[in-house]
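# What the coordinates show
Spelled out, the chains give:
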Amino acid sequence: MDSPRLWTGLAGLITYLIVISVYRLFSHPLRNIPGPKLAAVTHLYEWYYDLFLGGKYLFEIERMHERYGPIVRINPPEIHINDPKYYDEIYASGTHRRNKDAEFVSFTGLLLSSASTTDHDLHRYRRGLMNNFFSKKSVRGISYFVEEKVHNLMQRFEAFYRCNKVVRLDDAFAAMTSDVITHYCYGKSWDYLDYANLRTDVRKAVRDLTCSVHFNRIFPIFLAVLKKLPLRWLYAIHPGRSVVLDIQKTIYEQSAEAIHGDKYKIGHNDAVDKHKTIYDQLTDPSIPAEERSLQRLQDEGLLLISVGTETTARALTTACFHIASDDQLRTRLREELRTVLPTPTSSVTWSELEKLPYLVNPLWHWNFSNITNTTPQTGTVNESLRLGGFLTTRSPRIAPDEPLTYKEYTIPPSVSKPLTPKQHTTNRIPQTPVSSSSYFGHKNPNIFPEPEKFSPERWISAGRNNDHLFKYITSFSRGSRICAGMNLAFLELYMTLAYFVRRFDVELVDTTVEDMKIVRDMRVGFTHRGEPTVYGRIVRVYED
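Parameters at a glance
- Numbering of residues begins from 1 in every chain and follows the order in which that chain's sequence is written.
- Totals for whole chains, interfaces and linings use all residues, but because this is a predicted model, local features are given only for residues with pLDDT of at least 70 and pairs of side-chain atoms are given and counted only at 80 or more.
- Excluding hydrogens and water, the side-chain figures rest on all heavy atoms present in the structure.
- UniProt positions are given in the numbering used here, feature names are shortened, and annotations may be inferred rather than shown by experiment.
- Counting from the N terminus, the helices are DSSP H or I runs at least four residues long and the strands are E runs at least two residues long.
- Note on contacts: a residue pair qualifies if any of its non-hydrogen atoms lie within 4.5 Å across the two residues.
- Each patch is built from salt-bridge-free residues with over 30% relative accessible area, joining like charges within 9 Å and nonpolar side chains (Val, Leu, Ile, Met, Phe, Trp, Tyr) within 5 Å.
- Computed with the Shrake-Rupley method and a 1.4 Å probe, the accessible areas treat only the protein chains shown as cover for residues.
- Basic side-chain nitrogens of Lys or Arg form a salt bridge, by our definition, when they fall within 4 Å of a carboxyl oxygen of Asp or Glu.
- Per-residue accessibility, obtained with a 1.4 Å probe over protein chains only, is compared with the maximum for each type, and a residue is labelled buried under 20%, exposed over 50%, and partly exposed between these values.
- Polar contacts, as counted here, are pairs of nitrogen or oxygen atoms within 3.5 Å of one another; within protein the pair requires one atom able to donate a hydrogen and one able to accept it, and residues that are adjacent in sequence qualify only if both atoms are side-chain atoms.
- Cavity and pocket criteria rest on a 1 Å grid covering protein atoms alone: a 1.4 Å probe that fits but cannot get out defines a cavity, protein on both sides within 12 Å along at least 5 of 7 lines defines an open pocket, and an atom within 4 Å of a point defines a lining residue.
- Grid points are joined across faces, edges and corners, and a volume is the space filled by probe spheres set on the points.
- Throughout, the ten residues Ala, Val, Leu, Ile, Met, Phe, Trp, Tyr, Cys and Pro are labelled nonpolar, Asp, Glu, Lys and Arg are labelled charged, and all others, Gly among them, are labelled polar.
- Among buried residues, those of type Ala, Val, Leu, Ile, Met, Phe, Trp, Tyr and Cys that are joined through side-chain atoms within 4.5 Å constitute a nonpolar core.
- The rule for pairing is simple: two strands pair if DSSP sees at least two bridges between them.

### What to know about the UniProt feature "binding site: heme" (unreviewed entry) in the protein
What UniProt calls "binding site: heme" (unreviewed entry) maps, in this numbering, to Cys 483. As for its placement among the helices and strands, Cys 483 is situated in the loop between α24 (457-464) and α25 (486-503). Not counting chain neighbours up to four residues away, the residues in contact with Cys 483 comprise Arg 127 and Phe 476.

Written out as structure tokens, the structure reads:
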């Protein structure tokens, strides 16, 4: 303890901390941005709320905005702006380049996926490979198998009704969305709906990834070490990771088959057989070899399955809870659905459902020409996305070529301070991440009065007044990085809600509005139960 080297090192550390703190408070380019001094000085402020309190920094940021205003410095280099009208400036499209913050995407471990691609231009290239695959035309062209999966789910609900079984509705929806996304992307469904207890492997994988999200972001070396461990060690050390590994193994095998020319087919006729899978899209010989690696396919595959399962299932779960809780809402919605589904077993197309003003419009008999801004996204679907179908995590963007201006504040594209030799050689110039959160926009009382209320009627009023509310729904993000699977998600939401509400009445069991309240940000919103969980019993099956 009396070693001079120890005391010299300790003095040097204290001196460094004092110097960096003074710099961040008084000389840093963001010194004039409002916010807590402690947050400006150190990341420990954020880490305390997210790591030790378990995903609570989102709500601390909310308190910061209440105290300091719409623009806040939430850690030494990052600014958060709570202004829905400014969202499109942060998450811009067109010619405005927006990079992702490299330090913020490393926690996923899917470093070669499009979602973790930091560079704007590389992301545009990777997204370009998938745009046609997820276009509305492509989704509409093979919507028959989505309807098939939805009918499989309805059959399972009928079976639960016959045996008077309480079912976790969120798991049921997740099993269906898993079957859809695996079938759509790979041409080979994993058939989770066929299992007696509705397999939820993808949900377990998402839960595993999200439960460690803050630890992985703060200590990215942990993921790097895990990847180097032998599988048998990893299973022993981290049993929860086994589900992720099993799914990755399946994707790896399918990726290898794709690279070696074994393609999957969908359907029973030549026209349908020509539909390409995601592997066809990503392994085309014209694509550079490094973009066709097995690791790249594996990372993109796990991303598509996770997002394609969980986000849509959460929106369906939210809608189901509120519809089951409100007799008047359910009656109005069912009456509207009778106009396109005269019997519960009738068929309906996506196009027909899009024309229903809200899928819950009490004035559904209005002339559609009197209602603007209600299609193609209708009220019940919009409310389910607003309250349940979004990521709670912020996703910082960097504008590398231009300063951003918010009110009287200028946000520099880079942090102008002396560079280290490593930064000079790697061209890693410190830049300014700017973020926003869908959580704040979706629950902004100035835009959505009584924001916690599930109110499809608000969209009728907006349409009648020509208020374009949907621009404030950011479940799929916005700009050049808007979610590629948005059209597929809408198809699933429309089809599932229509057939489910038209045919079944649900009695909620051991589930209240408090069980749906988001209390933690683990990239996705967690309730006190973990993921939003809805228990219910099918109490009536309609025959006419």
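Picking up where we left off.
### Quick look at a nonpolar patch on the surface
A surface patch of nonpolar side chains, about 930 Å² in accessible area, is lined by Trp 7, Leu 10, Leu 13, Ile 14, Tyr 16, Leu 17, Ile 18, Val 22 and Phe 26. Under the relative-accessibility criterion, Ile 14 is labelled partly exposed at 44%.

### Focus on the side chain of Arg 330
Here Arg 330 lies in helix α19 (residues 327-337). Only 2.9 Å separates the side chain of Arg 330 from the backbone oxygen of Ile 323, close enough to count as a polar contact. A distance of 2.5 Å separates polar atoms of two side chains, one belonging to Arg 330 and the other to Asp 327. When sequence neighbours within four positions are dropped, the list of residues in contact with Arg 330 reads Ile 323, Ala 324 and Asp 505.

### Quick look at empty space enclosed by the protein
Over the atoms, a rolling probe the size of a water molecule traces out where space has been left empty. Summed over the entire model, instances satisfying the criterion amount to seven cavities of 30 Å³ or more. Together, 48 residues line the largest cavity, and Ala 115, Val 307, Leu 391, Arg 481 and Cys 483 are the ones closest to its centre. The set of elements that each furnish at least two residues to the lining of the largest cavity consists of α6 (102-105), α7 (120-131), α18 (294-325) and α25. Ranked by residue count, the leading element in the lining of the largest cavity is α18, at eight residues. Looking at side-chain class alone, the lining of the largest cavity contains 23 nonpolar, 16 polar and nine charged residues. There is about 320 Å³ of room inside the second largest cavity. Along the walls of the second largest cavity sit 20 residues, with Leu 209, Thr 210, Ser 306, Val 307 and Arg 523 positioned nearest its centre. Elements represented by at least two residues in the lining of the second largest cavity include exactly α11 (201-211), α12 (213-218) and α18. Of the residues contributing to the lining of the second largest cavity, the split by class is eleven nonpolar, seven polar and two charged.

### With respect to the UniProt feature "transmembrane region" (unreviewed entry) in the protein
Within this structure's numbering, the places UniProt gives as "transmembrane region" (unreviewed entry) are residues 6-26. The distance from the first to the last C-alpha atom of residues 6-26 is 30 Å, and the span holds 100% helix and 0% strand.

### Describing the nonpolar core
In terms of nonpolar packing, the biggest core is built from 93 residues, with Phe 134, Phe 157, Ile 278, Leu 353 and Phe 500 touching the most fellow members. Take this core: its biggest share by element is 13 residues, from α18. One finds Leu 30, Ile 33, Ile 90 and Ile 411 within the second-largest nonpolar core, a separate group that totals 15 residues.

### Describing the pairing of strand β12 (residues 535-541)
The two faces of the sheet receive side chains in turn, since in a regular strand these alternate between them. Sheet topology note: the strand β4 (residues 166-168)/β12 ladder contains three bridges and is antiparallel. What sits directly across from Val 166, in β12, is Arg 537. In terms of strand pairing, strand β9 (residues 504-508) meets β12 through five bridges, oriented antiparallel. Paired with Phe 504 across the strands is Val 541, a residue of β12.

### Here we look at the pattern of salt bridges
Two side chains carrying opposite charge are able to pair once their charged atoms lie near each other. What the rule picks out here adds up to 38 salt bridges. The salt bridge partner of Glu 78 is Arg 394, with a shortest N-O separation of 2.6 Å. Note that Glu 78 is positioned in the loop between β1 (71-73) and β2 (79-81) and Arg 394 in the loop between α21 (379-387) and β5 (397-398), a separation of 316 residues in sequence. Among the residues examined, Glu 78 registers a relative accessible area of 2% and is labelled buried. Classification of Arg 394 by relative accessible area gives buried; the value is 8%. Taken together, the shared-partner salt bridges connect Arg 168, Asp 170, Asp 171, Arg 203, Glu 310 and Arg 314 into one network.

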